[in-house]
Amino acid sequence: MEAKRIVLIMGGGIAAYKCLDLIRRLRERGVDVRVVMTRAAQQFVTPLSVSALSNDRVFTDLFDLDDEREIGHIRLSRLCDLIVVAPATADLIAKAANGHADDLASAVLLASDKQILMAPAMNPKMWLNPATQRNVRQLEADGISFIGPAVGEMAESGEAGPGRLVEPAELLAAIEARLHPSSSGSLAGRHVLITSGPTHEPIDPVRYIANRSSGKQGHAIAAAAIAAGARVTLVSGPVTLGAPAGATTVQVQTAEEMLNAVRAALPADVAIFCAAVADWRAASPADEKIKKTGDGEKPQLELVENPDILKTIAHMKTGRPNLIVGFAAETENVIAFATRKRRNKGADWTVANDVSTHTGVMGGDRNRVHLITETGVDSWPEMSKREVAETLIARISALLHDKARRV
Ligand code: C5P
């Protein structure tokens, strides 16, 4: 196979040391790694040690064009198959989101016409800061994908939360998936469309109707489908998770936007509706913030029903995906309600789960589900959301292969 090359942009952060292991593993797999280090990165790891591992000079500044080995930021940004930013600091993310080019790292990102994968690492408060979240959303909308950050304790402060650089093995897998898109996975050549997360329905410019969905299950399904070689479109409501590497992610806020994005992404072989879409929206959201009158008068909030995205797509006369999977989050009579929902909505399968408060499923990392098909109910043991995703994708692959054999 033709040798692949990545440009690795290292930002400044304690996690930079993990890149040494990443570079070693990439080189073992025959991937050429050319490294750009920001000034801050050089405070954590020396260019000399990076150079020894990458077996190449390390690029550290824009202007050294007298040096005959210098190739300039434009060529640097083009002579590769993929650009990886790790650790992607809040500052690098902000620069990229705003098109800055005042150092080599940001200039390479701005000049690039290649795929870019960012692996953020920073203090949890910095990650959750609205400015960073806004920048990440902007970059995702620009086609840049993210892996992580992982949740855990910070090395420097002991604070816990999302902000850790993903482990080298995970980053390596995401890089390899991009360098060698699977042509042999069980879903190779299939387009899988997934909705995930909640929707936000505005009441006025500052208030909205929402729910507790984290998007973890839908995003995990997207990752599992990518790992199985599918082309994946993920239509996601507002979540704090990064988009899975390799998916085309469309960010939406409301149910109506989600329906439009789903329609625009068709045709698809499989559609999995995992989003917790708000059932109602405000009939006419106020243009200005609704004020308290001071005399106890309550605002009248008139609600109208949102379109049922799953039902709409399942009832399409032409262009209906071959397999439609719905989710049914219930707090009682889980299987009975979910079975009825499968029929009423026109889904082929429903994945039912118990979200009564004691299960902690909404927002949690584990799930206990029942798969309801035309022929019966299959109850799976409790497992992680990642395992639920992988099991579901395996079932879907088996069904599609079965169908293909019968044709
Ligand atoms: O009716 P309920 O919200 O419980 O149905 C859940 C299923 O329907 C999920 O698959 C969800 O993604 C989908 N749904 C939808 N559009 C809606 C409401 C639910 O796609 N407006």
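Quick notes on the rules
Residues numbered from 1 in each chain as written. Predicted model: local features only at pLDDT ≥ 70, side-chain atom pairs only at ≥ 80, totals over all residues. Heavy atoms only, no water. Near = heavy atom within 4 Å. Polar contact = N/O pair within 3.5 Å; in protein donor to acceptor, adjacent residues only side chain to side chain. Areas by Shrake-Rupley, 256 points an atom, 1.4 Å probe, with all protein chains shown as cover. Helix = DSSP H or I, 4+ residues; strand = E, 2+ residues; numbered from the N terminus. Nonpolar A, V, L, I, M, F, W, Y, C, P; charged D, E, K, R; others polar. Pairing = 2+ DSSP bridges. Axes fitted to C-alpha atoms, helices over the stretch in contact; angles between N-to-C directions. Contact = heavy atoms within 4.5 Å. Buried < 20%, exposed > 50% of the residue type's maximum accessible area, 1.4 Å probe, protein only. Lys, Arg positive; Asp, Glu negative; His and termini not counted. Salt bridge = Lys/Arg side-chain N within 4 Å of Asp/Glu carboxyl O. Arc of directions from axis to C-beta. Expected span 1.5 Å × (residues − 1). Patch = residues over 30% accessible without salt bridge, like charges linked within 9 Å, V, L, I, M, F, W, Y side chains within 5 Å. Domains from an automatic or database assignment. Buried area = accessible area lost by both parts, 1.4 Å probe.

The name that an unreviewed UniProt entry assigns to the protein is Coenzyme A biosynthesis bifunctional protein CoaBC, with the source organism given as Candidatus Filomicrobium marinum.

Chemist: Is there a simple way to think about the site of the ligand in this case?
Modeler: The environment of the ligand is formed by Phe 273, Ala 275, Val 277, Asp 279, Pro 307, Asp 308, Ile 309, Leu 310, Gly 326, Phe 327, Lys 341 and Lys 345. Backbone polar atom of Phe 327 to an oxygen atom of the ligand: 2.7 Å apart, as the coordinates give it. Within the complex, the protein chains bury 86% of what would otherwise be the 450 Å² of accessible surface of the ligand. Sorting the residues of the shell around the ligand by element identifies α11 (309–314), β16 (323–330) and α12 (334–345) as the ones contributing at least two each. For the shell around the ligand, the per-class residue count stands at seven nonpolar, one polar and four charged.

Chemist: Explain the sheet that holds strand β3 (residues 82–88) to me, please; I cannot follow it from the model alone.
Modeler: Within a sheet, adjacent strands bond to each other through the backbone by hydrogen bonds, running parallel or antiparallel. An order of β2-β1-β3-β4-β5 is seen for the five strands of this open sheet, with the pairing classed as parallel. This sheet does not close on itself; its edge strands, each paired only once, are β2 (32–37) and β5 (145–146). Bridge analysis of strand β1 (residues 5–10) against β2 gives six bridges, and the strand direction is parallel. In the sheet register, Leu 8 faces β2, and the bridge partner there is Val 35.

Chemist: Is there a simple way to think about the sheet that holds strand β11 (residues 231–236) in this case?
Modeler: The strand order β12-β11-β8-β13-β16-β17-β19-β20 describes an open sheet built from eight strands, whose pairing is mixed. Strands with a single pairing partner mark the edges of an open sheet, and in this sheet they are β12 (248–251) and β20 (376–379). Direction aside, the axes of adjacent strands within the sheet are offset by 15 degrees on average. Sheet analysis places β11 next to β12, joined by four bridges and oriented parallel. Residue pairing in the sheet places Val 235 in a bridge with Val 250 of β12. Along the sheet, helix α9 (residues 216–227) contacts β8 (191–196), β11, β13 (270–273) and β16; its crossing angle with β11, the most-contacted strand, is approximately 170 degrees.

Chemist: What is the right way to look at the side chain of Glu 201 in this model?
Modeler: You can see Glu 201 is positioned in strand β9 (residues 201–202). An unpaired buried charge is present at Glu 201: no salt bridge exists, and Arg 281, the closest side chain of opposite charge, is 5.6 Å distant. In this structure the side chain of Glu 201 is engaged in a polar contact, spanning 2.9 Å, whose partner is the backbone nitrogen of Ala 255. In terms of polar contacts, Glu 201 uses its side chain to reach the side chain of Asn 306, at 3.2 Å. Glu 201 has contacts with Arg 207, Tyr 208, Ile 209, Thr 254, Ala 255, Ala 278, Trp 280, Arg 281 and Asn 306, leaving out every residue within four places of it along the chain.

Chemist: Sorry if this is basic, but what is going on with helix α1 (residues 18–28) here?
Modeler: Of the positions making up α1, those classed as buried are Lys 18, Cys 19, Leu 22, Ile 23 and Leu 26. Viewed along the axis of α1, the buried residues span an arc of 135 degrees, placing them on a single side of the element. Structurally, α1 contributes buried residues whose contacts are with β1, β2, α2 (47–54), β3, β7 (160–164) and α8 (168–179). Two residues or fewer after α1 comes Gly 30, characterised by a positive phi angle close to 80 degrees.

Chemist: Even after reading the chapter, I still don't get α8, so can you show me in this structure?
Modeler: Because an α-helix completes one turn every 3.6 residues, residues spaced three or four positions apart along the sequence face the same direction. Given a rise of 1.5 Å per residue, twelve residues ought to cover 16 Å, and the 16 Å separating the end C-alpha atoms of α8 matches this to within 8%. Among the residues making up α8, those that are buried are Pro 168, Leu 171, Leu 172, Ala 174, Ile 175, Arg 178 and Leu 179. Along the axis of α8, the buried residues cluster in a sector spanning 165 degrees; they form a single face. Where α8 is buried, its residues touch β1, α1, β3, β4 (115–120) and β5.

Chemist: Please explain a nonpolar patch on the surface as it appears in this structure.
Modeler: On the surface, Trp 280, Leu 301 and Leu 303 cluster together into a nonpolar patch covering about 300 Å² of accessible area. Note that Leu 301 resides in the loop between β14 (280–282) and β15 (303–305).

Chemist: Looking at this structure, I do not really get the pattern of salt bridges. What am I missing?
Modeler: Side chains bearing opposite charge may pair, as long as their charged atoms lie close to each other. Per the counting criterion, the structure on display carries 22 salt bridges. Of the charged contacts, one joins Glu 159 and Lys 125 as a salt bridge, the two residues approaching to 3.4 Å between their closest N and O atoms. Taken together, the residues Glu 159 in the loop between β6 (150–153) and β7 and Lys 125 in helix α6 (residues 124–128) connect sequence positions 34 residues apart. Taking the relative accessible area as the measure of exposure, Lys 125 reaches 62% and is therefore exposed. Across the pair Arg 281 and Glu 256 runs a salt bridge, and its minimum N-O distance is 3.4 Å. Note that Arg 281 is positioned in strand β14 and Glu 256 in helix α10 (residues 255–265), a separation of 25 residues in sequence.

Chemist: I tried to follow the domain arrangement of the protein on my own but got confused; where do I start?
Modeler: A common way to express how large an interface is: the accessible area buried when the components associate. In terms of domain boundaries, the protein breaks down into domain 1 (5–179) and domain 2 (191–286 + 297–406). Computed from C-alpha coordinates alone, the two centres of domain 1 and domain 2 are separated by 32 Å. Every contact between the two is made by ten residues of domain 1 and, on the other side, eight residues of domain 2. When domain 1 packs against domain 2, the two sides together hide about 710 Å² of surface, and 50% of this comes from carbon and sulfur. Of all residues in domain 1, Glu 140, Phe 146 and Arg 178 give up the largest surface area on contact with domain 2, accounting jointly for 48% of the area buried on that side. Scanning the region where domain 1 abuts domain 2 turns up zero salt bridges. The interface formed by domain 1 and domain 2 includes zero residue pairs in polar contact (both at pLDDT 80 or more).

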